[in-house]
Amino acid sequence: MSALPPLTLILGGARSGKSRRAETLIAAVASGAAVPPVYIATSQCFDAEMAERIALHQQQRGAGWETVEEPLDLAGVLGRDFGGRPVLVDCLTLWLTNHLLADHDLEAESTALIAALQRCGGPVICVSNEVGLGIVPDNALARRFRDAAGRLNQAVAAVSQRVEFVAAGLPMVLKSPTLVSL
Amino acid sequence: MSALPPLTLILGGARSGKSRRAETLIAAVASGAAVPPVYIATSQCFDAEMAERIALHQQQRGAGWETVEEPLDLAGVLGRDFGGRPVLVDCLTLWLTNHLLADHDLEAESTALIAALQRCGGPVICVSNEVGLGIVPDNALARRFRDAAGRLNQAVAAVSQRVEFVAAGLPMVLKSPTLVSL
Amino acid sequence: MSALPPLTLILGGARSGKSRRAETLIAAVASGAAVPPVYIATSQCFDAEMAERIALHQQQRGAGWETVEEPLDLAGVLGRDFGGRPVLVDCLTLWLTNHLLADHDLEAESTALIAALQRCGGPVICVSNEVGLGIVPDNALARRFRDAAGRLNQAVAAVSQRVEFVAAGLPMVLKSPTLVSL
């Protein structure tokens, strides 16, 4: 790829290398640019486990990024003018979890996010977890979250020009302008 | 694709858009036909959560389908003469769950289903969940179900001419007459 | 494929057919050879469920393999001279589980394994589970294992020349010398 499309979705499991893949795509286009790419972190630091995970991600990403922390109002942040700099949203699944914990309407929040993504011009890369490939969870809350996460991934994929599924650090391209259907 | 092969398998996670993908494949060949495609629903309506899910699927599917509800005897239904109309089985995982809850022999039921699929002529599209990509479940019943579901998916894939894996509403083709191995 | 590269990784879920796929790749190059391929089994037989699973795998594999059982010291076994015979390691996830249960340092063990894989010359095929595509597990130990398993898969994929993701017995190629990026 020589340039990023307006919207890209990187899907994958836990520790699949999806954040790293997104950073690689951005680094490829951002190198040599005068202004840094933007990292929008949706994680909230509740405990030591989460703090360690956040620190590891920051270390992997390296310097040269502007970081914006926003656990809930992604649509608001995406409305800012980033002057055409590439934006990485990491990740949609934590953002959805934050709204679940705050007892917000997940469908309404998702709809507002999709609208903001379509308005913002990009280039934006969203990272998101695929969480629906295990056994049906025992508790109803987990099932409700799984449904909402799956619906959100479908909706973001539908408005994205490029979608990848990452496993073991390697991308499978699900959607791209040059992909031929078989 | 200009025509459906005798047997197609659509695999995917929860809320991955696999049912919708199957409906799209059928709509593409069924449009303009004088007779409606057949929808075989295997779900059983135990509670409000399930009722809501069934209603949502019906609404997405729209009119123009003949619906057959059959939670257990899929082999029997597939033995009927549908006159060449496309048939959508949604889904194999719920059918297997129903047999598990009824304490039936999952291997014997799966073998009988495969035989019926091979006899029926098609075109049939089976939708099924991939459930083996999470952490090993704590309880033995869930592990037994996971094994049976994985074996069933393998067996159905082996007799299908086309197999797709759907994520975020987008298909990856695992098997098709035109697919070149790399 | 006419020959196996030095290192191949076969990823997949439970009962996805990943072991069978690895055996097929080895059988294709080993047929007609005077010496048998090597099967390195990492499973430990704790209970009846595991014994049944091991027996089933042995039966599917058939005769004509030399079997080495090694639950922990994979690096040591890979240091032996197998005279260029193809080696199947089945599987990395059970090996990691064994080290978790023995309270070993998973990161140090993984680093040593990667070094041994790179030294050994091959051809070696490693089978491994993808376990990060379900809902976040409730307990911290499962989350720690999921993280370690994902990191190991990424590291093995990075040093492998060929990587496949298997679902329903069918491979998707994630990495190969002939794969064109889209």
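Structure: above.
Since this is a predicted model, take the numbers as computed values, not measurements. (Residues numbered from 1 in each chain as written. Chains lettered and ligands numbered in written order. Predicted model: local features only at pLDDT ≥ 70, side-chain atom pairs only at ≥ 80, totals over all residues. Heavy atoms only, no water.)

**Considerations on the overall build of chain A**
Consideration 1: Helix and strand content of chain A: six helices and seven strands.
Consideration 2: Its C-alpha atoms give chain A a radius of gyration of 16 Å, within 12% of the compact-globule value 16 Å for 182 residues.
Consideration 3: Within the span of chain A, comprising 182 residues, buried residues form 53% of the whole.
Consideration 4: Taking contacts inside chain A between residues at least 6 apart in sequence as the whole, the part at least 24 apart equals 74%.
Consideration 5: Accessible area of chain A: about 7800 Å², with a carbon and sulfur share of 54%. (Helix = DSSP H or I, 4+ residues; strand = E, 2+ residues; numbered from the N terminus. Rg over C-alpha atoms; globule rule 2.2 N^0.38 Å. Buried < 20%, exposed > 50% of the residue type's maximum accessible area, 1.4 Å probe, protein only. Contact = heavy atoms within 4.5 Å. Areas by Shrake-Rupley, 256 points an atom, 1.4 Å probe, with all protein chains shown as cover.)

**Concerning the relation of the copies chain A and chain B**
Consideration 1: Of the two same-sequence chains, chain A is brought onto chain B (RMSD 0.0 Å, axial shift 0.0 Å) by a rotation of 120 degrees. On the angle and the small slide along the axis, the relation comes out as a three-fold axis. When C-alpha positions in chain A are compared against the rotation axis, the closest is assigned to Gly 134 of chain A, at 2.6 Å. (Least-squares fit on C-alpha atoms with pLDDT ≥ 70 in both.)

**Details of the pattern of salt bridges**
Consideration 1: The final tally for this structure, using the stated rule, is twelve salt bridges over all chains.
Consideration 2: Residue Glu 164 of chain B is joined to Arg 162 of chain B by a salt bridge in which the shortest nitrogen-to-oxygen separation is 2.9 Å. As far as the burial class goes, Glu 164 of chain B and Arg 162 of chain B line up, both buried.
Consideration 3: In this structure, Arg 21 of chain C and Glu 164 of chain C form a salt bridge, with 2.7 Å as the shortest nitrogen-oxygen distance. In this pair, Arg 21 of chain C is assigned in helix H1 (residues 18-30) and Glu 164 of chain C in strand E6 (residues 162-167), connecting sequence segments 143 residues apart.
Consideration 4: Several salt bridges share partner residues, and in doing so they unite Arg 21, Arg 162 and Glu 164 of chain A into one network. (Salt bridge = Lys/Arg side-chain N within 4 Å of Asp/Glu carboxyl O.)

**Re the interface of chain C and chain A**
Consideration 1: At the interface, 19 residues of chain C touch 28 residues of chain A.
Consideration 2: Between chain C and chain A, the buried area comes to about 1900 Å², and carbon and sulfur atoms account for 63% of it.
Consideration 3: Where chain C meets chain A, there are one salt bridge.
Consideration 4: A salt bridge links Arg 15 of chain A to Asp 147 of chain C; its shortest N-O distance comes to 3.6 Å.
Consideration 5: Applying the counting rule to chain C against chain A returns five residue pairs in polar contact (both at pLDDT 80 or more).
Consideration 6: Among the elements of the structure, helix H6 (140-159), E6 and strand E7 (170-175) of chain C are those that each provide at least two residues to the side of chain C that touches chain A.
Consideration 7: A total of eight residues in the side of chain C that touches chain A trace back to one element, the largest contributor, which is H6 of chain C.
Consideration 8: Class assignment of the residues belonging to the side of chain C that touches chain A gives a composition of nine nonpolar, five polar and five charged. (Buried area = accessible area lost by both parts, 1.4 Å probe. Polar contact = N/O pair within 3.5 Å; in protein donor to acceptor, adjacent residues only side chain to side chain. Nonpolar A, V, L, I, M, F, W, Y, C, P; charged D, E, K, R; others polar.)

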